[in-house]
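Spelled out, the chains give:
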Amino acid sequence: PSSGPAAAAAGAERTPPAGLSIRPPAQYLSAGPTPFQLPFHLTSFSYSPSRELLLDDARKDEALAYYREPPLGSDLNYGFEQAVWRDGSVDEGLDALLETLSSWARKNAGPAADDLLSKISVITWRGMLTKLMLAVYEADNVANGRRADGWEMNAMVVDGCLYLEESNPPAKLTAKSASELSNALPSYYGYSFESYCTTAGPSSSATSPAPAPPHSFHVPNTNVQWCSVVKTNLGGFRALVGGEVDCVRSDAPADARKVGTKDFVELKTNLVIQSQRDEVNFERLKLLKHYVQSFLLGVPRITVGFRTRAGELAALQHFNTLEIPRLVRGKPHAWDPAACLASAKELLAFLHAQIKAHEATQRAEAALADACDLEDAGMREWPVFRVSFDPAKRLVS
Ligand code: 0WD
Ligand code: CA
């Protein structure tokens, strides 16, 4: 990161030795439900076509898009050669989120904002919380012989607030952009589906399909994003969470300032389901991921575009996020969001406790160093901790 609290810490990474074992999902269900507060849309920001962060009132909702029904049979390959791709080698860290919050705090300066901010104990992107919530089932995947993803994050605690960002060492960014290059067409299908599904303003004819391209189609530029910053509370951890919102409902207020989480829509693409096995995998893996991701930002609706391998839009399905767990309940491949919430809460508590303990040690060492006049206390860097999750070992350390 080039600014924000994480910036001061570059190069001062330390790894806490102790780890947290992620237990099987069923073991998280006995303690009763973990409270989760319905996310409240606090503020928003946009990224421009050149990835400029737009924060001022006149432009912060520039990238907000409205849903409209895409025509079935649409060619998702359309526009591929013209698409503009975000530079994936830039590690943006938490900068945009922290700048948005600083700007919000300035505009809303007063006791209410001070009170809200002073009680926050987690600030991060929604994508990071998604990873925390899914770890319990990633570990379960390994235990059952399926592939699973691990992750690495940078964590720091400043004034009692935990900041979490993705860890993107240069080697990982290189690997990421190589895989993006080789998967350019399938990932383009996701972006062109978004283009078929969205317009710049609310549309009265949202239920009648848009005309065929090129009239209805805006060439994707993956720099452009509209993000919401929500306030929520996961198991007692008050959190400010930023996340990308693909669009809002077609009947959402035309005035972006009046938009709320109830209007948010998440768009996904998926290969058409052709077998029982496809269906099981969709329900076990995809619906879990889509559910958790949308739940965390309070997104009530997920629209999935089913496509052929060649990129033809074959079918559409709308899901009410909160009803998704019911669709899998009782099935052999069922998952339970309560396990995700309980394990995520445990993880947040673990990270807070570990970092606090290590900071205490460091302070003691620093005091000793000061006493010996070895170092200037004021110049010391803020420590960042590298957190990693190994699903095969079920371990976060
Ligand atoms: O590696 C990073 N530094 C990441 C940054 C990883 C993921 C997201 N981001 C950025 C986003 O650009 C955005 O500014 O963080 C902010 C919030 O993102 P989020 O909502 O927390 O991200 P997540 O929930 O992981 O993904 C949401 C969408 C994706 O859509 P799908 O339908 O595939 O879930 O964000 C997009 C993608 O369209 N996205 C990204 N955008 C920019 N940079 C990235 C990325 N690296 N990865 C996914
Ligand atoms: Ca999406």
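For the structure itself, look to the data block above.
Residues numbered from 1 in each chain as written. Chains lettered and ligands numbered in written order. Predicted model: local features only at pLDDT ≥ 70, side-chain atom pairs only at ≥ 80, totals over all residues. Heavy atoms only, no water.

S.K.: What should I look at first to understand the overall build of the protein chain in this one?
M.R.: Looking only at helices and strands, the protein chain features eight helices and 17 strands. In terms of overall dimensions, the protein chain is globule-like: its C-alpha atoms have a radius of gyration of 22 Å, near the 21 Å expected for 397 residues. A principal-axis box enclosing the C-alpha atoms of the protein chain has dimensions of 75 × 50 × 40 Å. When burial is assessed residue by residue, the protein chain has 49% of its 397 residues classed as buried. As presented, the protein chain carries roughly 18,800 Å² of accessible surface, and 54% of it is formed by carbon and sulfur atoms. (Helix = DSSP H or I, 4+ residues; strand = E, 2+ residues; numbered from the N terminus. Rg over C-alpha atoms; globule rule 2.2 N^0.38 Å. Buried < 20%, exposed > 50% of the residue type's maximum accessible area, 1.4 Å probe, protein only. Areas by Shrake-Rupley, 256 points an atom, 1.4 Å probe, with all protein chains shown as cover.)

S.K.: What exactly am I supposed to notice about the coordination of the calcium ion (ligand 2) here?
M.R.: Tetrahedral coordination by four donors places them ideally at 109.5 degrees to one another around the metal; octahedral coordination by six donors ideally gives 90 or 180 degrees. Looking at the metal site, the calcium ion (ligand 2) is ligated by Asp246 (OD), Glu266 (OE) and Leu267 (O), spaced 2.3 to 2.5 Å from it. The sequence pattern describing where the donors of the calcium ion (ligand 2) fall on their chain is D-x19-E-L. Highlighted residues: Asp246 in the loop between strand E11 (237-244) and strand E12 (247-248) and Glu266 in strand E13 (residues 264-271), separated in sequence by 20 residues. (Donors = N, O, S within 2.8 Å, 3.2 Å for Na, K, Ca; no water.)

S.K.: How should I be thinking about the site of ligand 1 in this particular structure?
M.R.: Neighbouring ligand 1 are 18 residues, the closest being Arg126, Gly127, Glu166, Lys268 and Gln293. In the environment of ligand 1, a nitrogen atom lies 3.0 Å from a nitrogen or oxygen atom belonging to the side chain of Arg86. Within the side chain of Asn168, one N or O atom sits 3.4 Å away from an oxygen atom of ligand 1. If ligand 1 stood free it would expose 740 Å²; the protein chains cover 78% of that surface. Only helix H3 (126-143), E11 and E13 provide two or more residues apiece to the shell around ligand 1. (Near = heavy atom within 4 Å. Polar contact = N/O pair within 3.5 Å; in protein donor to acceptor, adjacent residues only side chain to side chain.)

S.K.: Mind showing me how you'd approach the pairing of strand E8 (residues 161-166) here?
M.R.: Of all six residues making up E8, six are buried, and the element is well covered by its neighbours. Burial of the side chains of E8 extends over both faces: Cys161, Tyr163 and Glu165 are buried on one face and Leu162, Leu164 and Glu166 on the other. Here three bridges tie strand E6 (residues 122-125) to E8, and the two strands are oriented parallel to one another. Paired with Thr124 across the two strands is Leu164, which belongs to E8. Where strand E7 (residues 151-158) and E8 come together, six bridges link them in antiparallel fashion. (Pairing = 2+ DSSP bridges.)

S.K.: I tried to follow the nonpolar core on my own but got confused; where do I start?
M.R.: Buried together is how nonpolar side chains tend to be arranged in soluble globular proteins. If you look at the biggest cluster of nonpolar residues, it comprises 88 residues, and the most contacted ones within it are Ile123, Leu132 and Met133. Here the element with the most residues in this core is helix H8 (residues 337-371); it accounts for 10 residues. With near-sequence residues (within four places) excluded, Ile123 lies in contact with Leu94, Leu97, Leu98, Leu101, Cys161, Leu162, Tyr163, Leu164 and Leu240. (Core = buried A, V, L, I, M, F, W, Y, C linked by side-chain atoms within 4.5 Å. Contact = heavy atoms within 4.5 Å.)

S.K.: Looking at this model, I keep getting lost on the packing of H3 against helix H6 (residues 276-297). Mind explaining?
M.R.: Helix packing for two helices is described by the angle between their axes and how far apart those axes are. At a closest axis distance of 9 Å, the pairing of H3 and H6 adopts a crossing angle of 150°. Here H6 runs roughly antiparallel to H3, going by the angle between their axes. Considering only the axes of H3 and H6, their crossing is right-handed. Contact with H3, carried on its side by Arg126, Leu129, Thr130, Met133, Leu134, Tyr137, Glu138 and Asn141, involves Arg284, Leu285, Leu288, Lys289, Val292, Gln293, Phe295, Leu296 and Leu297 of H6 and no other residues of that element. Looking at the contact of H3 with H6 residue by residue, the class counts come to 10 nonpolar, three polar and four charged. (Axes fitted to C-alpha atoms, helices over the stretch in contact; angles between N-to-C directions. Parallel < 35°, antiparallel > 145°, perpendicular 65-115°, else oblique. Left-handed = near helix turned anticlockwise from the far one by under 90°. Nonpolar A, V, L, I, M, F, W, Y, C, P; charged D, E, K, R; others polar.)

S.K.: Before we go on, may I ask you to explain unusual backbone geometry in this structure?
M.R.: Most of the time, phi is negative for any residue but glycine, and the peptide bond is trans. Backbone geometry places Arg51, a non-glycine residue, at a positive phi of 65°. In this structure, Arg394 is a non-glycine residue whose phi angle is positive, near 55°. For Arg394, the position within the fold is in the loop between strand E16 (384-390) and strand E17 (395-396).

S.K.: What is the right way to read the packing of aromatic side chains from this model?
M.R.: How two aromatic rings sit relative to each other is set out by the distance from centre to centre and by the angle between their planes. Applying the stated criterion across every chain yields a total of 14 aromatic pairs. The interplanar angle of 65° and the centroid separation of 4.9 Å between the aromatic rings of Tyr196 and Phe217 together place this pair among those described as edge-to-face. Here Tyr196, found in helix H5 (residues 184-197), pairs with Phe217, found in the loop between strand E9 (198-199) and strand E10 (225-234); they are 21 residues apart in sequence, far enough to count as distant. Considered together, Tyr196 and Phe217 belong to a single accessibility category, that of buried residues. The ring of Tyr28 has Arg23 sitting right over it, with the charged end atom 4.3 Å from the ring centre. One cation-aromatic arrangement involves Arg51 over Tyr47; the distance from NZ or CZ to the ring centre is 3.5 Å. (Phe/Tyr/Trp six-rings, centres within 6.5 Å; stacked < 30°, edge-to-face > 60°. Lys NZ or Arg CZ within 6 Å of the ring centre and 35° of its normal.)

S.K.: Help me understand helix H1 (residues 95-107) in this model?
M.R.: Every α-helical turn comprises 3.6 residues, leaving residues that sit three or four positions apart pointing alike. Here H1 contains 13 residues, and its C-alpha end-to-end distance of 18 Å stays within 8% of the 18 Å for a straight helix at 1.5 Å per residue. If you check which residues of H1 are buried, you get Asp95, Ala96, Leu97, Leu98, Thr100, Leu101, Ser103 and Trp104. (Expected span 1.5 Å × (residues − 1).)

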